[in-house]
Amino acid sequence: MSDYRDIQTAVRVEKLRIWFAWICGTIILTIIAMATRTVPVLSVITQVLLVAGFLALTVALFRMTGALNRKAAAARKDVLGDL
């Protein structure tokens, strides 16, 4: 049972790291967009890149979280013998 607990703890820590990286990336993208808002052409380009970066970060977040959930489910299945 300790193997399952170790895996669950590792999955939980990795999820927190993924969410923290997502929040930091979004904040950095927003700071960059706010810093370039006074130059009209650069502001538009930055906003487009902000949206693209935000979407890329969000897709990566959910894919990585899903992979961790599958790993935890497989470990649970191995340890507990669920069908």
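Here we summarise the structure given alongside this text. Model, not experiment: these values are computed from the prediction.

The rules behind each value
Residues numbered from 1 in each chain as written. Predicted model: local features only at pLDDT ≥ 70, side-chain atom pairs only at ≥ 80, totals over all residues. Heavy atoms only, no water. Helix = DSSP H or I, 4+ residues; strand = E, 2+ residues; numbered from the N terminus. Phe/Tyr/Trp six-rings, centres within 6.5 Å; stacked < 30°, edge-to-face > 60°. Buried < 20%, exposed > 50% of the residue type's maximum accessible area, 1.4 Å probe, protein only.

### Quick look at the environment of Met34
As for its position among the elements, Met34 is in helix 1 (residues 2–35). When the C-alpha atoms of Met34 and Leu61 are compared, they prove to be 24 Å apart, with 27 residues separating the residues in sequence.

### Some thoughts on the packing of aromatic side chains
Counted by the stated rule, this structure contains 3 aromatic pairs. For the ring pair Trp19 and Phe62, a centre distance of 6.3 Å and an interplane angle of 85 degrees mean the geometry is edge-to-face. Placement of the pair is Trp19 in helix 1 and Phe62 in helix 2 (residues 40–80), with a sequence separation of 43 residues. Residue Trp19 is classed as partly exposed on the basis of its relative accessible area of 34%. Its relative accessible area of 52% is what places Phe62 among the exposed residues. Seen in terms of ring centroids, Trp22 and Phe54 are 5.8 Å apart; in terms of plane orientation they differ by 50 degrees. Their pairing is tilted. You can see Trp22 sitting in helix 1 and its partner Phe54 sitting in helix 2, a full 32 residues away along the chain. Taken together, the ring pairs connect Trp19, Trp22, Phe54 and Phe62 into an aromatic cluster.

In short, geometric facts, not functional conclusions.
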